[in-house]
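# Commentary on secondary and tertiary structure
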Amino acid sequence: MKKLYTSVILFVLICIVFNIQANGYKRIVSLAPSLTKSIYSLNSQAKMVGCTSYCKEATTDKKVVVASMVTVNIEKIIGLNPDLVIAASITNPEYIQQLEKFGIRVVVFHTPKSYTEICNQFIELGQLIGKKEAAIKIINDISSKLDVMKKEFAQSKRRKVFFQIGAEPLFTVLPKTFMNDYIENINGINIASGLTKGTVSREFVITGNPDIIFITTMGIIGNEEKRTWESYKDLSAVKDNRIFIIESDIACTPTPVTFLKTMEVIYNSLKN
Amino acid sequence: MKNSRYLKWCFFLLVVFILLLGAVVLSLSVGDMKISFSDIIRLLKTKEGIEYAVLVNLRLPRTILAFAVGGALSLSGTLLQGVYRNPLVEPYTMGISGGAAFGVAICIVTGLYLKAGAIALPVVGFAGALLTVFFVYFLSIKRQGGLSIHRMLLTGVMISFIASSAMMFLMSITSAEDVHGIIFWIMGSLSEPNAGLIKIAVVVAFAGLISSYFFVIQLNALRLGETKAQHLGINTSVTIRVIFVIASLITGISVSVAGVIGFVGLVVPHLIRYIVGSDFRISLIGSFLVGSIFLIFCDVLARTLIAPNELPIGVITGIAGGVMFIIALSSNFSNAKSLR
């Protein structure tokens, strides 16, 4: 009798555990727009109960806003009764500690330093919400499309690239970041490859004489920057007319889908 | 006796001019791209090539702006220290930098900056500065006419505090990029690409210098105190009002175009007083030129210390100016005495 009793309980417990592992967490709060985007690309937005004020898709879907970029409303999160909170490295560690004190599981995704890390984090997120296979499928699909593009560029000669992600101050993409992979994929050389800090002077860029300039600042500023660069007629990028503006929404967000979108924009710009 | 003083002044001005020339040449030759002094002469003749573009579009505007802003801020400091007769007064004591910075913060946070372009920042900054000046002016009008110096100081300081708290509020509710942009603007930068703004800064700085010379006699009389100056026949209320307006305008324009560059307006007047005394006939032009030299040198440092990265110029002026100030204070040459 005792043996039957124990084995039934064990059986029920195992079922519960497998259930959670198979279906993943059910009430998720996202504290970063990039993570929200990933959840949407895995078609799991129904599981999202809370988002930040900067998560465009989620706020349109009327999900509850629980945080801005730097401040987090702990009480609101707890009120939503989530079983998982996903955060990025910008979230203050104090908030994470407070949430964990309430027994909520918090998973922090630090800013990925490469496309490979983006993929690994995407799969990890997929596993947490019970969509691991879907995540792996998406990754394979995107990676094969990227490989096709990379092969094409691997044969062209290496060109110097300046990837501008800020104006006032002038900010460049640094090596060992995921955005540097955009440059690597087109077989380019980042003129800032020796730097550890991103604030550079205009003179540095002109001395580096890049063959291609990408600008991802938003609004009118991007156009103003392009005009400023075009006033230096002797720059290689100006002579070949290779200054391109890319939306920072897709270029600066570390998710696999936006990475591919950015590479497609870059590819189309360079092929024309 | 009289002649030796004027001789000393002429000698001082000569030395300062030579230093200014040296500073300008240094500023034009320093940077990531190698351009030596002989290169400069050659490029000015041929007017071709990427080096010429760098020289004329990047280094020359920077140097000119440093000249104008350094001169304007130092002149403003000298004028204000003369009017307030207080050695701790500097152009930002009246809250102008707070008002301008708050305006810029609003501009960035509301997204106006992205919609209207880079010109929005100096325009809104100047609007904020003007608003502050209006407040300080109108809150300090005495019943019998004229301005209360005490009240101007206090109102200015209070506005500074309010503005900086309001700015911190804005920064706490906005994105990290916006905060970075606001802080970068506040720390000061001389890399202004709009040639029109630089021209405005230069014209206003010179206009300030020339117009303040119309009041040099009144300023010298004010050194004795408001009452004694009145007994000498000086219309102190008009003088104080005009000097206040001149100092505010040149500070407001400088802050709008270059951000908050501190310490220049505090340290240079003291330096001038120590070198040539408090006579405004020499200290107005003296502080203007020495301020220009100081800021040009600080800008060279800002560009070279962590090259190819650039330090914000407010960092350099703050540290360099602060250290110089402490050294000067702690030595035997107390400047407070020479304020009279």
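Residues numbered from 1 in each chain as written. Chains lettered and ligands numbered in written order. Predicted model: local features only at pLDDT ≥ 70, side-chain atom pairs only at ≥ 80, totals over all residues. Heavy atoms only, no water.

Attention shifts here to the overall build of chain B. Along the backbone of chain B there are 15 helices and zero strands. Relative to the globule expectation of 20 Å for 340 residues, the C-alpha radius of gyration of chain B, 20 Å, shows essentially globular dimensions. Taken over 340 residues, chain B has a buried fraction of 54%. Excluding contacts between residues fewer than 6 apart, the proportion of contacts in chain B whose partners are at least 24 apart in sequence is 77%. (Helix = DSSP H or I, 4+ residues; strand = E, 2+ residues; numbered from the N terminus. Rg over C-alpha atoms; globule rule 2.2 N^0.38 Å. Buried < 20%, exposed > 50% of the residue type's maximum accessible area, 1.4 Å probe, protein only. Contact = heavy atoms within 4.5 Å.)

With that settled, the discussion passes to the environment of isoleucine 200 of chain B. Residue and element names in this part refer to chain B. On the secondary structure map, isoleucine 200 appears in helix α9 (residues 195-213). Since its relative accessible area comes to 41%, isoleucine 200 is described here as partly exposed. Taking the C-alpha atoms as reference points, isoleucine 200 and leucine 65, separated by 135 residues in sequence, lie 9.9 Å from one another.

Now for the side chain of serine 248 of chain B. All names here are of chain B. Mapped onto the elements, serine 248 comes out in helix α12 (residues 236-258). Residue classification places serine 248 among the buried residues on the basis of a relative accessible area of 4%. At a separation of 2.6 Å, a polar atom in the side chain of serine 248 contacts the main-chain carbonyl oxygen of phenylalanine 244. In this view, serine 248 contacts Met94, Ile96 and Val133; residues no more than four positions away in its chain are not counted. (Polar contact = N/O pair within 3.5 Å; in protein donor to acceptor, adjacent residues only side chain to side chain.)

A word on the side chain of threonine 317 of chain B. All names here are of chain B. You can see threonine 317 is positioned in helix α15 (residues 313-330). A relative accessible area of 0% means that threonine 317 is categorised as buried. A distance of 3.2 Å separates a polar side-chain atom of threonine 317 from the backbone oxygen of glycine 314. Residue contacts for threonine 317: discarding those within four places in its chain leaves Ile261, Gly262, Phe263, Val264, Phe294, Leu295, Cys298 and Gly322.

All names here are of chain A. Taken together, five strands build an open sheet; the order of strands is β3-β2-β1-β4-β5 and the sheet is parallel. Edge strands, defined here as strands with exactly one partner in the open sheet, are β3 (64-67) and β5 (105-109). Taken over all neighbouring pairs, the strand axes of this sheet differ in orientation by 25° on average, direction set aside. The pairing of strand β4 (residues 84-88) with β5 spans five bridges and is parallel. Opposite alanine 87, over in β5, you have valine 108 as the bridge partner. Its contacts with the sheet put helix α6 (residues 115-128) on β4 and β5, and the angle it makes with β5 is roughly 165°. (Pairing = 2+ DSSP bridges. Axes fitted to C-alpha atoms, helices over the stretch in contact; angles between N-to-C directions.)

Residue and element names in this part refer to chain B. In this model, helix α6 (residues 120-139) (20 residues) spans 28 Å end to end at C-alpha, consistent with the 28 Å of a helix rising 1.5 Å per residue. Residues Ala120, Leu121, Pro122, Gly125, Gly128, Ala129, Thr132, Val133, Val136 and Tyr137 constitute the buried set of α6. Taken together, the buried residues of α6 touch α4 (96-109), α5 (112-116), α7 (149-173), α8 (176-187), α9 and α12. (Expected span 1.5 Å × (residues − 1).)

Another aspect to go through is unusual backbone geometry. All names here are of chain A. Positive phi, close to 65°, is recorded for lysine 62, a residue that is not glycine. Counting through the fold element by element, lysine 62 comes out in the loop between α3 (56-60) and β3. On the accessibility criterion, lysine 62 (72% relative accessible area) is exposed. Even without glycine at this site, asparagine 81 takes up a positive phi of about 55°.

The next point concerns empty space enclosed by the protein. Residue and element names in this part refer to chain B. Applying the stated rule across the entire model yields three cavities of 30 Å³ or more. In this structure, the second largest cavity encloses a volume near 60 Å³. Lining the second largest cavity, in full, are Arg62, Phe184, Gly188, Ser189, Leu190, Asp299, Ala302, Glu310, Leu311, Pro312 and Ile313. Here the residues of the lining of the second largest cavity sort into six nonpolar, two polar and three charged. (1 Å grid on protein atoms, 1.4 Å probe; cavity = no way out; pocket = protein on both sides within 12 Å on 5 of 7 lines; lining within 4 Å. Points joined across faces, edges and corners; volume = space filled by probe spheres on them. Nonpolar A, V, L, I, M, F, W, Y, C, P; charged D, E, K, R; others polar.)

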